[in-house]
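Residues per chain are reported as follows:
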Amino acid sequence: MEIETDQGLALALGAGRVRTVAAVLISEVNQAVPVHRLIDLAWDGDPPARARGVVHNHVHRLRRLLAGHAELATRGQGYVLLADPGSVDVHRFRGLVAGARDAEPCAAVAMLRQALGLWRGEALADVPGERVRRTLGIGLSQGRLAALQELGGRLMLLGRYGELVTELTGWIAEHPLHEELTALLIRALQACGRQAEALDHYHRARRHLKDQLGIDPGPALSGAYLAVLGGRGSPARAAADRPRPAVRPPAPDAPPYPPPAPAPNGRPSPAGPGAAPYTAPYAAPYGYDHRPGPSRRIAQLPPAVVDFCGRDRELAVLDQHLERVPRPVCVVLAGAGGTGKTTLAVQWAHHRKAEFPDGQLFADLRGFERPPMRPGTVLTSFLRTLGVREAEIPESVTEAAALYRSLLAGRRMLVLLDNAGTTEQARPLLPATPGCLAVVTSRRRLSGLVVRDGAALVRVGSLTTEEALQLLGNALGRQRVEADAAAAGALVERCDRLPLALRIAAVRLMAHPEWSLDCWTKKLADESRWLQELSAHDADLAMETCLYLSYRALSSGAARLFRFLGLHPGPYVETQDAGVLAGQDTERTRRHLAELCDAHLLEEHAQGHYVWSEMVRSYAVQCVTAEEPRSARDQAVQRLLAHFDRSRVPPC
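Given the structure is predicted, the values throughout are model-derived calculations rather than measurements.

Cut-offs and rules
Residues numbered from 1 in each chain as written. Predicted model: local features only at pLDDT ≥ 70, side-chain atom pairs only at ≥ 80, totals over all residues. Heavy atoms only, no water. Core = buried A, V, L, I, M, F, W, Y, C linked by side-chain atoms within 4.5 Å. Buried < 20%, exposed > 50% of the residue type's maximum accessible area, 1.4 Å probe, protein only. Contact = heavy atoms within 4.5 Å. Helix = DSSP H or I, 4+ residues; strand = E, 2+ residues; numbered from the N terminus. Expected span 1.5 Å × (residues − 1). pLDDT = per-residue confidence, 0-100. Axes fitted to C-alpha atoms, helices over the stretch in contact; angles between N-to-C directions. Left-handed = near helix turned anticlockwise from the far one by under 90°. Nonpolar A, V, L, I, M, F, W, Y, C, P; charged D, E, K, R; others polar. Pairing = 2+ DSSP bridges.

Asker: Explain the nonpolar core to me, using residue names and the numbers behind them.
Answerer: In this structure, L472, L534, L554, F562, L565, L596 and M615 are the most contacted members of the largest nonpolar core, which totals 55 residues. Not counting chain neighbours up to four residues away, the residues in contact with M615 comprise R494, C495, D496, L498, A501, W530, L531, L534, M543 and L547. Among the nonpolar cores identified, the runner-up in size contains 40 residues, and V97, A183, Y225 and V228 belong to it.

Set out below in structure tokens:
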């Protein structure tokens, strides 16, 4: 539990039962909480004789701590915390989840992901008292799981099965006994055509239920299992769906995979008399007499974009790193959201895959999503691909990473790790053999990989004007672009020459061939509609979502500074100006500016001088207007104007 001021500073709440009192008052904001309830929750129903006086002292301390930020008032025989419910993450979470229930599927997905993104760990984990955690925390955790189920249902409805698999895998690792989530994962895997993995998850869940609770799978889990066996629910198999004989889940005391009949040579046979119909998907992907190894070529790269253009400088730099002696084990492609890092990495990987004859591994780490992909989950997937049986995959991330590196030794493989959020997320997935190379894309620079692991850093910025016009022409047709060259030039600049923004603009224009480029470019000139217009009406394909993901990943102090920079009158910002706007000292301002640069929301041109794009500045204006009260905005502007007056050079 944390309490932060409007300036992003964490208040020193301390340890002990004062945290329990604060947790109850915050969770029931604007509601009077009787003293006897605070006593009961703080001492687990067994209070000392002086409990009322201790609670009074804790409330007095909280009043002093919250002075100027929120009011803690006395109401009858209790206390009430008077504050905006929107300032409490619990209430924001509940509001977003409630709003998602009545929203369209795409909007609901965005709202539910935003709600789940508010969580930073187990509810009330650092609050003493078993009763308060049981009374308040369990309900919050159940609400979190219910929101995840709701998100899963919406993603299934939209047919976004791959996203759902990624979303659920990490959660089920934490909640292996949650049958509804596991059933949802099984159905999503089946819809992706991954029946073997779906069955594997069922059997693991069945074993967990038997070993830990002594029960059999319930209707949801059994129904998902039977659907896989019957081939129902998979779009790929819909045409082949036909009535099948009834199949029952294995008995609780039966082994998960019935043993196949012995072959004449004495080795187990993957099929034979008495073998169950679902044994085949679990046949080992490698032989019994040699080390694990894949039975077919590994080629996991996503398809390359057909109309890829430009990026000659970045491609040349990547080629140079590939040809260096010694070659780095990792190259980081870092840039702001929407710059086309993934497209560039995939294009280069396809162009140079002959250099890696043993194959290419790919994983979307979802580093800026909530929850991000865990390294252990990716390692498990990679090890399966490399031919390791499920039972032989270590549970420890350290041991799994060591096995992964051992299997890559002596091979020449490319590992493409897309959308890494942190150094710690990517490091266990790096190969350690000279013949392999990891290419990591990220919105951050991942300096830890550069400093500790010798990674090379390649910055990916906006396209040049010529490249941006070529991309627009490839999408819309050269005739349409050349017929209105001036408007096309204005359009690419209005899109900040970002590939994502340009492709979204092209989609909108292709849907309306009667629109002129000039007309639509003028629509983008409206600051209040700019970011909304650059949306493909899909939560995942919108510049506003792209900026939001980078903004959400900031620390609270850097996020607050980013918001207040939206009040600055121009695209160039100096350190002192930023500090004055945010009302903080120079050292803290420098740290937060460095974080904004690392996230590619600002760019440092000269020491102490920063610049940002108009699109990013527009988003900062939107954030400060929505999240900061009018009084705070007015005070910040007054501070900046006074600073400008003091800094003005007097006339000679």
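Asker: So what's going on with helix α9 (residues 195-213)? Which residues, and what values?
Answerer: For α9, built from 19 residues, the straight-helix expectation of 27 Å at 1.5 Å per residue is met to within 8% by its first-to-last C-alpha distance of 26 Å. Buried residues of α9: Q195, A198, L199, D200, H201, Y202, H203, A205, R206 and L209, and no others. At the C-terminal side of α9, G214 shows a positive phi close to 70 degrees.

Asker: Quick rundown of the confidence of the model for the protein chain? Include the residues and the values.
Answerer: Confidence in the prediction of the protein chain, expressed as mean pLDDT, is 80, and 85% of residues score 70 or more. Counting contacts from residues 232-295, a segment whose pLDDT is below 50, to residues more than four positions away or on other chains yields 96 contacts.

Asker: So, the packing of helix α7 (residues 161-174) against helix α8 (residues 179-191): which residues are in play, and what are the values?
Answerer: Running from amino to carboxyl end, α7 crosses α8 at an angle of 145 degrees, the nearest separation of the two axes being 9 Å. Helix-helix and strand crossings are classified by hand; for α7 and α8 the assignment is left-handed. Packed against α7, whose contacting residues are Y161, L164, V165, L168, T169 and I172, the element α8 presents L181, T182, L184, L185, A188, L189 and A191 at the interface. Looking at the contact of α7 with α8, its residues break down into 11 nonpolar, 2 polar and no charged.

Asker: I'd love a proper account of the sheet that holds strand β10 (residues 603-606), names of residues and values included.
Answerer: Taken together, the 3 strands give an open sheet; going across it, the order is β9-β11-β10, and neighbouring strands pair in antiparallel fashion. The sheet is open, and its two borders are formed by β9 (572-574) and β10, each paired with just one other strand. Taking the axes of each pair of neighbouring strands and ignoring which way they run, one obtains an average angle of 40 degrees across the sheet. By the bridge criterion, 3 bridges tie β10 to strand β11 (residues 609-611) in an arrangement that is antiparallel. Bridge pairing links E603 to V611 in β11.

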